[in-house]
Amino acid sequence: APRHRAPPLCSMPGDADGDVESLLQTRQGFLSKLGGGQEKGHKWNRRWFVLRDNILMYFNSPKDFTGFRDKPSGVVLLEEANVRESGEGGYYGRPFTFVLSHSGGESVVLAAETEKEMVEWMQAVRTSRLCVTDAEAAAMSEAQRQQAAEADIDAAVHRRADAEAALATVDKELSEVQKTHREVEAEKERAEKELKELMARFKLRKSLLHWRHRKLTFSFRALVTIVFEGRIDKARGAKASADARMAAAQQELEAASAARQKAEVAKRKSEEMYVRELELKKQSEAEEREGDRLAAHEADLRAEAEQEVGVLKQAGLGKLSLDRERQECLDLRMQLERCRAEGELLQTKLKRRVPTGKSK
């Protein structure tokens, strides 16, 4: 028998009602399906349903459906299927539920989000069961159409088998890759273990070499001490004598530095004394000049007094006036003598200071 596809969905012959035409179009949307495919299930799964002709397919999400050649998650044949509302309360408190039941006892429980969606889906399923518009399919019996639908399902199953075979190949390759990965991991673990063992051996050998090096060093030092003990003692004595000479030289250097400091201090004091000597000399010369000036002034005063006395004698002044002048002259002479004595005393002190400074 020739292979036929399931009859496509279209408007019924002679029906011009727009609502009927909208019901006959391919319908898609989300519905909740009771798990297990029976009315006794208890878990609701949200799936993407696509209604075409008398076949209701569902996918996990809209992304999984890009065309009618895509492999669905499940298929519900609507041939000889009865559509009924679940009744008041729905299943497990879920409203807007309806049931697709077959004569064989199998049933599918679906739930919509709203009452309107539930009614539209139920009408679309009922209309899809009655619609046969293909001219070739119209001449077919119900059994032939079912056979054609089963052939399409078989083809989809074959495609699914091919995909599963490809998936099995991928799984096999993945298993091989995982096996290789496990082998590489095992090899890596063995290499890490060997590396740890090598590191432990290296550390042990390093510690042994270090111990041997210290032992050899101590042995060498002991041997050198025994063989060269005399030379070592001689070298230590030479070092001690050199240290003593160095200490003596250091002391001499410190003494020389102290003497130099003292000489510099004495030099500074001598310079200061020389400067003071010069200042005293200048001062004594000034005082001497001042004494000479006072002596000259005294001589001038004496001469003036003698002249005045002569004048007074010549003028015939009284004896009282002469005595007074004489007394003034005597006072002046006494002052002059005191100034001369002070000048001589200053010169004597200066002469005494000058040789003392030079001797220091």
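Residues numbered from 1 in each chain as written. Predicted model: local features only at pLDDT ≥ 70, side-chain atom pairs only at ≥ 80, totals over all residues. Heavy atoms only, no water.

A. Just the overall build of the protein, in detail. The number of helices and strands found in the protein is six helices and seven strands. Of the regular secondary structure in the protein, the N- to C-terminal order runs α-β-β-β-β-β-β-β-α-α-α-α-α. Carbon and sulfur atoms make up 54% of the accessible area of the protein, which amounts to about 26,700 Å² in all. (Helix = DSSP H or I, 4+ residues; strand = E, 2+ residues; numbered from the N terminus. Areas by Shrake-Rupley, 256 points an atom, 1.4 Å probe, with all protein chains shown as cover.)

B. Broad picture of the nonpolar core. Leu56, Phe98, Leu100 and Leu110 are the most contacted members of the largest nonpolar core, which has 18 residues in total. If you list the elements that add at least two residues to this core, you get strand S2 (44–52), strand S3 (55–59), strand S6 (97–102), strand S7 (107–111) and helix H2 (115–130). A per-element tally of this core places H2 first, with five residues. Sequence-distant contacts of Leu110, that is, excluding residues within four places in its chain, are made with Leu31, Ser32, Lys33, Trp44, Phe49, Leu56, Phe96, Thr97, Phe98 and Leu100. Listed in part, the six residues of the second largest apolar core include Trp48, Val50, Ile55 and Met57. (Core = buried A, V, L, I, M, F, W, Y, C linked by side-chain atoms within 4.5 Å. Buried < 20%, exposed > 50% of the residue type's maximum accessible area, 1.4 Å probe, protein only. Contact = heavy atoms within 4.5 Å.)

C. Representation of the sheet that holds strand S5 (residues 81–85) within the structure. Across the sheet, which stays open at both edges, the seven strands sit in the order S4-S3-S2-S1-S7-S6-S5 with antiparallel pairing between neighbours. Each end of this open sheet is capped by a strand with a single partner; those strands are strand S4 (74–77) and S5. Averaged over neighbouring strand pairs, the angle between their axes works out to 35° when direction is ignored. (Pairing = 2+ DSSP bridges. Axes fitted to C-alpha atoms, helices over the stretch in contact; angles between N-to-C directions.)

D. View of the confidence of the model for the protein. Residues with a pLDDT of 70 or more make up 78% of the protein, whose mean pLDDT is 79. Least confident of the elements in the protein is helix H1 (residues 18–24), whose mean pLDDT is 45; most confident is S2, at 91. Low pLDDT, under 50, characterises residues 1–24; the stretch is placed with 45 contacts to residues that sit more than four places away or in other chains. (pLDDT = per-residue confidence, 0-100.)

E. Up close: the packing of aromatic side chains. Throughout the structure, instances matching the rule amount to three aromatic pairs. Here Phe30 and Trp48 contribute two aromatic rings whose centre-to-centre distance is 4.9 Å and whose plane-to-plane angle is 80°, an arrangement assigned as edge-to-face. Placement of Phe30 in strand S1 (residues 27–34) and of Trp48 in strand S2 is noted, with a sequence separation of 18 residues between them. Residue Phe30 is classed as partly exposed on the basis of its relative accessible area of 27%. On the basis of an interplanar angle of 45° and a centroid distance of 5.1 Å, the ring pair of Phe59 and Phe65 is categorised as tilted. Taking relative accessible area as the criterion, Phe59 reaches 1% and is therefore assigned buried. For the cation-ring pair, Arg46 lies above Phe30, with the distance from its terminal atom to the ring centre recorded as 3.9 Å. For the cation-ring pair, Arg94 lies above Trp44, with the distance from its terminal atom to the ring centre recorded as 5.2 Å. (Phe/Tyr/Trp six-rings, centres within 6.5 Å; stacked < 30°, edge-to-face > 60°. Lys NZ or Arg CZ within 6 Å of the ring centre and 35° of its normal.)

F. Layout of the environment of Glu288. By secondary structure assignment, the location of Glu288 is in helix H5 (residues 229–315). With 55 residues separating them along the chain, Glu288 and Gly343 place their C-alpha atoms 6.6 Å apart.

G. Up close: a nonpolar patch on the surface. Nonpolar side chains collect at one region of the surface, where Leu223, Ile226, Val227 and Phe228 lie side by side and expose about 400 Å² of accessible area between them. Summarising the element assignment, Leu223 is placed in helix H4 (residues 142–227). (Patch = residues over 30% accessible without salt bridge, like charges linked within 9 Å, V, L, I, M, F, W, Y side chains within 5 Å. Salt bridge = Lys/Arg side-chain N within 4 Å of Asp/Glu carboxyl O.)

H. Main features of the pairing of S7. For S7, the buried fraction is high: five of the five residues fall into the buried class. Residues Ser107, Val109 and Ala111 of S7 are buried on one face, and the alternating residues Val108 and Leu110, pointing to the opposite face, are buried as well. Pairing between S1 and S7: two bridges, direction antiparallel. Bridging from a neighbouring strand, Ser32 pairs with Ala111 of S7. Where S6 and S7 come together, five bridges link them in antiparallel fashion. By the bridge assignment, Thr97 is partnered in S7 with Ala111. In this antiparallel pair of consecutive strands, S6 and S7, the connection spans four residues, and Gly105 shows a positive phi of 105°.

I. Molecular detail of a negative patch on the surface. The grouping of Asp300, Glu304, Glu308, Glu328 and Asp331 at the surface amounts to a negative patch. Breaking the negative patch down by element, the ones donating at least two residues are H5 and helix H6 (319–359). Ranked by the residues each element gives to the negative patch, the list is headed by H5, at three residues. By secondary structure assignment, the location of Glu328 is in helix H6. (Lys, Arg positive; Asp, Glu negative; His and termini not counted. Charge placed at Lys NZ, Arg CZ, Asp CG, Glu CD.)

J. Seen up close, unusual backbone geometry. Although it is not a glycine, Phe96 sits at a positive phi angle of roughly 55°. What makes Phe96 partly exposed here is its relative accessible area of 31%.

K. Expanded view of the environment of Gly29. In this structure, Gly29 sits in strand S1. Judged by relative accessible area, Gly29 falls into the buried class, the value being 11%. In contact with Gly29, not counting residues within four places along its chain, are Arg47, Trp48, Phe49 and Trp121.

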